[in-house]
Amino acid sequence: MDERKKLLLIVASVFVWSSSLLLWGGWWVHREHGSAVSAQVEKSNPRTGGSISIPLYDDVPRSIRPLTPENEATETVLSFIYEPLVERQPDGTTKNVLAESWQMDEQAGTVSVTLRKGVKWHDGEPLTADDVLYTYHKLADPNYNGSYRRLVQAIAGVEDVRSGKVKTIQGITLTEGEAPSLTFQLDEAPDSVTELLQIPIVPRHLHASSDGEPETTHLIGTGPYRMAERSEKSVIELERFSQYWDEAPSLDEVTCRTMTLEEAVTQFKEGKLDVLPQMDATNAPAVRDGLDVSPLQKTGDVFHYVAFNPMQDLWQDATLRAQMGHVIDKQQIVKQWLKGFGEKIDTPRGMQVERAKKDEVEQALKALREEELSLHFTSQWVERDGLAAQLKNQWEAAGLTVELVEHDHVSKLAKAVQTGDADLFLMTDWVRVESRALLDWWEEDDLRQWTSLSTNQLTTLLREAAEAEGKERERIMLQWNEQFVEEMPLIPLVRPKMLYFVNDRLHGVKGEHFRPDKLYVREWWVEEKG
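A brief structural summary. Worth saying up front: this structure is predicted, and the values here are computed from it rather than measured.

Moving on, we come to the overall build of the protein. For the protein, the helix and strand inventory stands at 18 helices and 22 strands. Within the protein, contacts between residues separated by at least 24 positions form 73% of all contacts whose residues are at least 6 apart in sequence. Roughly 23700 Å² of accessible area belongs to the protein as shown, and the carbon and sulfur atoms make up 43% of that amount.

This paragraph deals with the pattern of salt bridges. Tallied over the entire structure, the rule returns 21 salt bridges. Here D274 ties to R505 by a salt bridge, and the two come within 2.7 Å at their closest N and O atoms. With a gap of 231 residues between them, D274 in the loop between α9 (261–269) and β11 (275–279) and R505 in the loop between β18 (490–502) and β19 (506–507) connect regions that are remote in the sequence. Accessibility assignment for this pair places D274 and R505 in one class, buried.

Within the secondary structure layout, Q332 lies in helix α12 (residues 330–336). Counting along the chain gives 58 residues from Q332 to Q390, while the straight-line C-alpha distance between them is 8.5 Å.

Mapped onto the secondary structure, G350 falls in the loop between β14 (342–344) and α13 (361–368). Exposure remark for G350: the relative accessible area of 13% places this residue in the buried category. If sequence neighbours within four positions are ignored, G350 has contacts with I345, V431 and R495.

The next thing to look at is the sheet that holds strand β4 (residues 99–105). With antiparallel pairing, the four strands of this open sheet are ordered in space as β4-β5-β7-β6. Every other strand in the sheet has two partners, leaving β4 and β6 (172–175) as the edge strands with one partner each. Across this sheet, the average inter-strand angle for adjacent strands is 15°, counted without regard to direction. Strand direction decides the pairing type here: β4 and strand β5 (residues 110–115), joined by six bridges, are antiparallel. Across the sheet, S101 pairs through a bridge with T114, a residue of β5. Its contacts with the sheet place helix α5 (residues 129–139) against β5, β6 and β7 (181–185), and it is angled at close to 170° to β6.

Before going further, it helps to spend a moment on the packing of aromatic side chains. Here the structure, examined in full by the defined rule, presents nine aromatic pairs. On the numbers, 4.8 Å between centres and 50° between planes, the contact of F308 with W315 is tilted. Classification of F308 as buried rests on a relative accessible area of 0%. Taking relative accessible area as the criterion, W315 reaches 0% and is therefore assigned buried. A connected cluster of aromatic rings, assembled from ring pairs, spans Y500, F514 and W524. A cation over an aromatic ring shows up here: K518 above the ring of Y520, its NZ or CZ 5.0 Å from the ring centre.

Before going further, it helps to examine the pairing of β18. Among the 13 residues of β18, 13 are classified as buried, and the element is accordingly described as predominantly covered. Pairing between β11 and β18: three bridges, direction antiparallel. Bridge assignment links V275 to a residue of β18, and that residue is V502. Pairing of strand β12 (residues 296–299) with β18 involves four bridges; the strand directions are antiparallel. For T299, the partnering residue across the bridge sits in β18 and is K497. Bridge count between strand β13 (residues 302–308) and β18: four bridges; the pairing is antiparallel. By the bridge assignment for β18, H304 is matched with V494.

Turning our eyes to something else, we now look at a negative patch on the surface. Taken together, the side chains of D58, D59, E70 and E215 define an acidic patch exposed on the protein surface. Relative to the helices and strands, E70 is located in the loop between β1 (51–56) and α4 (72–81).

Here we take up the layout of surface pockets. If you add up the space inside the second largest pocket, you get close to 490 Å³. Taken together, 24 residues make up the lining of the second largest pocket; nearest its centre are E87, Q89, K518, Y520 and R522. Secondary structure elements with two or more residues in the lining of the second largest pocket: α4 and β21 (518–519). Here the residues of the lining of the second largest pocket sort into 13 nonpolar, three polar and eight charged.

With that settled, consider unusual backbone geometry. The phi torsion at K339 lies on the positive side, around 55°, for a residue other than glycine. Inspection of the secondary structure puts K339 in the loop between α12 and β14. Residue K339 is classed as partly exposed on the basis of its relative accessible area, which comes to 48%. In this structure, M488 is a non-glycine residue whose phi angle is positive, near 40°. Within the element layout of this structure, M488 appears in the loop between α18 (470–487) and β18.

Put simply, helix α16 (residues 435–443) and α18 touch, their axes get as near as 12 Å, and they point 45° apart. In terms of their interaxial angle, α16 and α18 are classed as oblique. Contact residues: α16 offers S435, L438 and W442, while α18 offers R473, M477, W480 and F484. In terms of residue class, the contact of α16 with α18 is built from five nonpolar, one polar and one charged.

With that settled, consider the nonpolar core. Ranked by internal contacts, the top residues of the largest apolar core, which has 71 residues, are L85, Y136, I155 and F184. Non-local contacts of Y136, meaning those with residues more than four positions away in its chain, are made with L85, V152, I155, I169, I172, F184, L196, L197, I199 and I201. Of all hydrophobic cores here, the second largest spans 47 residues; its members include M259, M324, L426 and V494.

Between helix α17 (residues 456–467) and α18, the shortest axis-to-axis distance is 9 Å and the interhelical angle comes to 165°. Classed by the angle they form, the pair α17 and α18 counts as roughly antiparallel. Like other packed secondary-structure pairs, α17 and α18 cross with a definite hand, here left-handed. On α18, the residues touching Q457, L458, L461, L462, E464, A465 and A466 of α17 are R473, I476, M477, Q479, W480, Q483, F484 and E487.

Ordered by their spatial adjacency, four strands build an open sheet running β1-β10-β9-β8, and the pairing between neighbours is mixed. A single partner strand is all that each edge strand has here, and the edge strands are β1 and β8 (225–227). Across the sheet, the axes of successive neighbouring strands diverge by a mean angle of 25°, strand direction being ignored. Bridging between β8 and strand β9 (residues 235–240) involves three bridges; their strand directions are antiparallel. Within β9, the residue paired with Y225 across the bridge is R240.

Criteria and thresholds
- Numbers given to residues run from 1 along each chain, matching the order in which its sequence is written.
- Thresholds applied to this predicted model are a pLDDT of at least 70 for local features of residues and 80 or more for the giving and counting of side-chain atom pairs; totals over whole chains, interfaces and linings are not thresholded and use all residues.
- Values shown for side chains rest on all heavy atoms present in the structure; no hydrogens or waters enter the calculation.
- Helix and strand definitions here come from DSSP, where helices need a minimum of 4 consecutive H or I residues and strands a minimum of 2 consecutive E residues; each element is numbered from the N-terminal end.
- Residue contacts are counted whenever heavy atoms from the two residues lie within 4.5 Å of one another.
- For the accessible areas, the method is Shrake-Rupley and the probe is 1.4 Å, while residue cover comes only from the protein chains on display.
- For this analysis, a salt bridge means a side-chain nitrogen from Lys or Arg found within 4 Å of a carboxyl oxygen belonging to Asp or Glu.
- When a residue's accessible area, from a 1.4 Å probe over protein chains only, is under 20% of the maximum for its type it is buried; when over 50% it is exposed; and in between it is partly exposed.
- Here, strands pair whenever DSSP counts at least two bridges between them.
- Fitting a line to C-alpha atoms yields each axis, with helices limited to the stretch in contact; the angle taken between N-to-C directions then spans 0 to 180 degrees.
- Ring geometry is summarised as follows: Phe, Tyr and Trp rings, the Trp one being its six-membered ring, pair when their centres sit within 6.5 Å, and such pairs are stacked at plane angles under 30 degrees, edge-to-face over 60 and tilted between the two.
- In this scheme, Lys NZ or Arg CZ marks a charge over a ring once it lies within 6 Å of the ring centre and within 35 degrees of the ring normal.
- Patch membership requires more than 30% relative accessible area and the absence of a salt bridge. Residues of like charge join within 9 Å; the nonpolar side chains Val, Leu, Ile, Met, Phe, Trp and Tyr join within 5 Å.
- By the counting scheme adopted, Arg and Lys are positive, Glu and Asp are negative, and His together with the chain ends is not counted.
- By convention, charge coordinates are those of NZ in Lys, CZ in Arg, CG in Asp, or CD in Glu.
- Residues are said to line a cavity or pocket when one of their atoms sits within 4 Å of a point; the points come from a 1 Å grid over protein atoms alone, cavities being sets where a 1.4 Å probe fits but cannot get out and pockets being open sets with protein on both sides within 12 Å along at least five of seven lines.
- Grid points are joined across faces, edges and corners, and a volume is the space filled by probe spheres set on the points.
- Residue type decides the class: Asp, Glu, Lys and Arg count as charged, Ala, Val, Leu, Ile, Met, Phe, Trp, Tyr, Cys and Pro as nonpolar, and the leftover types, Gly among them, as polar.
- With respect to orientation, any angle under 35 degrees is reported as roughly parallel, any angle over 145 as roughly antiparallel, any angle of 65 to 115 as roughly perpendicular, and every other angle as oblique.
- Among buried residues, those of type Ala, Val, Leu, Ile, Met, Phe, Trp, Tyr and Cys that are joined through side-chain atoms within 4.5 Å constitute a nonpolar core.
- Put simply, a crossing is left-handed when the front helix is turned counterclockwise from the back one by less than a right angle, and right-handed when it is turned clockwise.

So, in structure tokens, the structure goes:
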């Protein structure tokens, strides 16, 4: 495939993917205090019972593979039903779930897990060590390519199973008895031991007769909620599991409804939905119009940026790229476009960096003033008209000529990039703080990060940081931050906060209860009004 066709296919898929990030990103940092919603939580005592309705912004298929969820909407539903051995909590701590206890022996390279007693599946069958063993073997299957695949690769013998040499993972030992346990022998140190144990366990007795990956239309797990009979594809009803091993949640029922973002806003304002998650500042006015409600807030995990078209020779000059970014007043974009719900950033890590070199500014601007540039964008999923207009005004104030070109569909925007008509265009991506994650993103061979531009030193520093540890890694990444603002292969602009609106009858809700793949509803309760 020639380079231009490859670029067109890549850009088209990337715009579909990245433009939807605002709907799903931004769920991991900390909560802002002082909203009207959070204030009401302190005034009442929790009550048991009641039901809530929540929106899902994507379809959940009728036949579901618990180990390979198709999207975040499916993951959200699965998180109510299935449980892992241990789980990372909203406050960053780790909670033992199906594991009563676990320990890591670094010298021996083993992780030992003792299973919790008295856990039952939603069909009444007891959880056994065979269920755990079965789940981990499914992830080592040669045909399994789901998101949990990488989490088990550190276990000894997994590669032999994947290559077809053997059918049993040598590195997992099961010990029966009053307190069944499993020992994982590791070939290499995993990125995170807790990640190895955060895999949802599926019931062997329901799926063992199938050679392929577990798949079902009626989900059976060990979680606090069980799935009711599903009569409509767009509605999934979850009922509190009466035999749940841990303290039961307050809510009796949670109903998940598939709908568009626009439908969710309308239904929330009509009182038909109790939570409106995954909103950004550009959507907030539509929600607050006519309602006296303040959102919960969290710093988002996505950022907006200006991308340079790598097909334009002009942008091979790092100085020109940098000056296009340095003349932008990002704080003004936060104030006007994000209505204050966000922060300016200077790197894909979400950092702010004070620029050291300024002697080349005028020379670069003089060269740019001789160019007639175009900024292309689409508001198909996220309203970008205001952002584009602000950028144009700021660039023109610096003496640059920039034409705005809006496309009604991402395919047309992708074509403008592929043909070279677009000099610049607006994109969205995840914030990546850690060096390893950033390096993986940087080195992907799909042109998404436009690193075909001259960024050799940035790549070298990332590789060095990924191999370093502790303070040396921090030192290298600080150097990387400074180098990035000088070379600027893309222009990070702002990191929007994510907003969560809550119906006033629902209490106990906190910003940290929201993740892209999970809702922590254990503390939520409703106050029915007469």
